[in-house]
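# Working through the structure, step by step
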Amino acid sequence: MQLEAIKTVPIKFEKFQSSKDDDCQERILAARAKLGKRLVILGHHYQHESVYRHADFTGDSLKLSRYTENLDAEFIVFLGVHFMAEVADILSRPEQIVILPDLAAGCSMADMANLAKVERSYRELSKVLDFDQTITPVTYINSAADLKAFCGEHGGIVCTSTNAPKILEWSFARREKVLFFPDQNLGRWSGYKMGIPLEQMPVWDPDQPLGGLTDEQIRNAKILLWKGHCAVHQMFRPQNIEHFKKLHPDGKVISHPEAPFEVCLNSDFVGSTEYILRTVTEAPPNTKWLVGTELNLVTRLAEQMKPQGKLVQFMSHVVCECSTMARIDPQHLAWTLENLVEGNIVNQIKVPKHEADLAKLTLDRMLAAS
Ligand code: 13P
Ligand code: SF4
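Report on the accompanying structure. Chains are numbered independently. Their residues run from 1 in the order of the written sequence. Labels are handed out in written order, letters beginning with A for the chains and numbers beginning with 1 for the ligands. Local features in a predicted model are, by the rule used here, given only for residues with pLDDT of at least 70; side-chain atom pairs are given and counted only at 80 or more, and totals for whole chains, interfaces and linings are based on all residues. Side-chain metrics in this entry use all non-hydrogen atoms of the structure; hydrogen atoms and water are not considered.

### Observations concerning the packing of aromatic side chains
We count it as follows: Any pair of Phe, Tyr and Trp rings, taking the six-membered ring for Trp, is counted once the centres come within 6.5 Å. Such a pair is stacked with planes under 30 degrees apart, edge-to-face with planes over 60 apart, and tilted for the rest. Runs of H or I in DSSP of at least four residues are treated as helices and runs of E of at least two as strands, each being numbered from the N terminus. The classification of residues rests on relative accessible area computed with a 1.4 Å probe and restricted to protein chains. Under 20% of the type maximum is buried, over 50% is exposed, and intermediate values are partly exposed.
A full pass over the atoms with the stated rule returns 10 aromatic pairs. On the numbers, 5.0 Å between centres and 85° between planes, the contact of Y192 with F261 is edge-to-face. Note that Y192 is positioned in helix α11 (residues 184–193) and F261 in helix α14 (residues 261–265), a separation of 69 residues in sequence. Under the relative-accessibility criterion, Y192 is labelled partly exposed at 35%.

What follows is the structure, given as structure tokens:
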């Protein structure tokens, strides 16, 4: 009886903190073997190789969202960041348990918008226009569940880096304007690809009255771009591309749409992490690539492409690793899995039901539209 009680006390992370990576690798494999089909591990492409290798399925945000709809496992361990685990919880069945090995794995861009600021923006914009008649709120999937729920309540929708132009088309078929948050770069690039002039996509600063715009600018706008960005992609510069093209005139440049507008403009290809991987992998042997996205993805891709003689180079001279993605390490994964083996659930991500229902509405709209 007493033994049973002891078993349900979660193993403390401190026991793993100083474990060597190699020991953790063995412990992860042993725990996986015990959990069998009860467990599935999903991994985003920015994860470090030391944990990415354990993923059953890998992908960009859209692909991973689609996986979570169709899994049978009891436990879904997410190697990624907080908003991704929330999406997995929302789209999986109620009895399935989603776990994020380190709760500090957030997304600094997602944090640039929050419900208080979005609701204030709604009130500010309502001084000039009838928001619910004229503006579709579009949230990038890199956002908290309550912002997805806000979109659900106000006829809005979610988008990813893969489907943003399609989602904008969906939105403009319903209302004349879009409030796009939290990534101005993805919004601007997607709007530009649709032919919207830059002057009709002003930046909306949520900390300023009327977003720092005049009534006229708001009335003329097609897309109001939230003042937010990804600190990792913000480091890339058009000069990096110029330098590469001088050294390799036949080389190609591929970037993620979270990169600044001028970088996307000077790239040969722009797309999601999955698109980047596919494009470079399917390219002819001996081609040369400059890649503007997170370091872990580029390092892995460069290694994989070496046997085909492809040169894959990272866009920046400074290290652009996503520090929050990197929170998921072998120590946290081993700790999480050993707890599951012992019958303890640690770091579960559970979105409150009311919020999850509204957020699901917008995710379903997105999955149907894309
Ligand atoms: P993807 O959906 O393209 O994988 O992008 C997610 C992300 O966070 C990029 O910074
Ligand atoms: Fe967020 Fe940028 Fe990290 Fe992607 S790379 S998870 S947008 S902070």
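### Remarks on helix α5 (residues 61–69)
Selection rule: Arc, as used here, means the arc of the directions from the helix axis to the C-beta atoms. Residues are treated as being in contact if the distance between any of their heavy atoms lies within 4.5 Å.
When α5 is considered as a whole, its buried residues turn out to be S61, L62, L64, S65 and T68. Relative to the axis of α5, the buried residues are bounded by an arc of 165° and lie together on one face. Contacts from the buried residues of α5 go to β1 (39–44), β2 (57–59), β3 (75–79), α6 (82–91) and α18 (353–369).

### Comments concerning the sheet that holds strand β4 (residues 97–99)
This is how the line gets drawn: When DSSP finds two or more bridges between two strands, those strands count as paired. Here an axis means a line fitted to C-alpha atoms, over the contact stretch when the element is a helix, while the angle between two N-to-C directions is reported on a 0 to 180 degree scale.
Read across the open sheet, the 4 strands follow the order β2-β1-β3-β4; overall the sheet is parallel. The sheet terminates laterally at β2 and β4, the two strands that pair on one side only. Strand-to-strand, the axes of this sheet are offset by a mean angle of 20°, without reference to chain direction. This element, helix α17 (residues 330–341), spans β1, β3 and β4 of the sheet and lies at about 175° to β3.

### A closer look at the site of ligand 1
Filter applied, for reference: Note on terminology: near, applied to a residue and a molecule or strand, indicates that one of the residue's heavy atoms is within 4 Å of it. Polar contacts, as used here, are pairs of N or O atoms within 3.5 Å; protein pairs need one atom able to donate a hydrogen and one able to accept it. Residues neighboring in sequence count only if both atoms are side-chain atoms. Methods summary: accessible areas were calculated by the Shrake-Rupley approach with a probe of 1.4 Å, and residue burial reflects only the protein chains presented. Gly falls in the polar group here, along with every residue not listed as nonpolar (Ala, Val, Leu, Ile, Met, Phe, Trp, Tyr, Cys, Pro) or charged (Asp, Glu, Lys, Arg).
In the vicinity of ligand 1, the contacting residues are H44, Y46, D60, S61, Y140, N142, S161, H233, H256, E258, S272 and T273. E258 has a polar side-chain atom sitting 2.8 Å from an oxygen atom of ligand 1. The fraction of the free accessible surface of ligand 1 (300 Å²) that becomes covered by protein chains is 96%. Residues belonging to the shell around ligand 1 are distributed by class as follows: 2 nonpolar, 8 polar and 2 charged.

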